[in-house]
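Structural overview
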Amino acid sequence: MFIVLEGLDGAGKTEVSHLLANELGAYIYRTPPDDYKTIRSNVDSIGCKLSQFYYYMSGVFYASIQIEELINGGRIVICDRYYYSTLAYFSELPEANIVNISRLLQPDYAFFLNVADDAVREARVCGRANSGWAEEMCSKSYERSRIIAAYQRFNLISIETSDLSIAEVVERIKRCIQK
């Protein structure tokens, strides 16, 4: 089984993925893949959106291969961000609308964890040491609106997390995958 958790920074993806993985005995995979992280700061510091887009999409294609190997080995995989994030965050680029995702492993379930309450989202992100460019982008309400609208075109299973505990979000996900 392949489960993807998506959403803006502060939605609870990482905490949910850890608790869900613990309860399902699943492997947690985060994008960009570890093999890519050594050059991430260089790519992000350049500030060229097109370079960032290709870096993150390349990481997703690589992740797809690794995730498929894990699944073929009998593992359940929970992925903290997948191609939906890259396409949503870079939706203003024409290149984001022409990527052929048909060669990517498609998840059995893909969830969008939303945090509509800005105060809750900001409080969750505030304690992080380095929120990065994605959080900087989401700090602007018009960018947040654009990114959320881009996510909505994927028809992911949406869960509003503002008033839910991590355990409650995990229970909702488990109900969806057990149907």
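Above this text is the structure in question.
Within any chain, residue numbers begin from 1 and follow the written order of that chain's sequence. This being a predicted model, a pLDDT of at least 70 is required before a residue's local features are given, and a value of 80 or more before pairs of side-chain atoms are given or counted; all residues contribute to the totals for chains, interfaces and linings. Hydrogens and water are ignored here; the side-chain numbers use all heavy atoms of the structure.

Here a helix means four or more residues in a row that DSSP labels H or I, a strand means two or more in a row labelled E, and each is numbered from the N terminus. Checked against the element boundaries, S91 lands in the loop between α4 (83-89) and β4 (109-114). Relative accessibility under 20% of the residue-type maximum defines a buried residue, over 50% an exposed one, and the middle range a partly exposed one, all with a 1.4 Å probe and only protein chains included. By relative accessible area, which is 17% here, S91 ends up buried. Polar contacts, as used here, are pairs of N or O atoms within 3.5 Å; protein pairs need one atom able to donate a hydrogen and one able to accept it. Residues neighboring in sequence count only if both atoms are side-chain atoms. Among the polar contacts listed, one links the side chain of S91 to the side chain of R146, at a separation of 2.6 Å. Excluding residues within four positions of it along the chain, S91 makes contact with A96, N97, R146 and A150. The criterion used for residue contact is that any of the two residues' heavy atoms lie within 4.5 Å.

So, on to the nonpolar core. Remark: nonpolar core denotes a set of buried residues (Ala, Val, Leu, Ile, Met, Phe, Trp, Tyr, Cys) joined through side-chain atoms within 4.5 Å. Residues I67, Y82, Y83, Y84 and Y151 are the most contacted members of the largest nonpolar core, which totals 33 residues. Counting only elements with at least two residues in this core, the list comes to β1 (2-6), α3 (49-72), β3 (77-80), α4, β4 and α7 (141-152). Tallying contributions element by element places α3 first for this core, with eight residues. The contacts of Y83, once residues within four sequence positions are left out, are E6, M57, V60, I101, L104 and Q106. Formed by 17 residues, the second largest nonpolar core is a distinct cluster that contains I3, L20, F111 and I173.

Counting through the fold element by element, S85 comes out in helix α4. When residues no more than four places from it in sequence are discounted, the contact partners of S85 are E6 and Y151.

Structural measurements only, silent on function.
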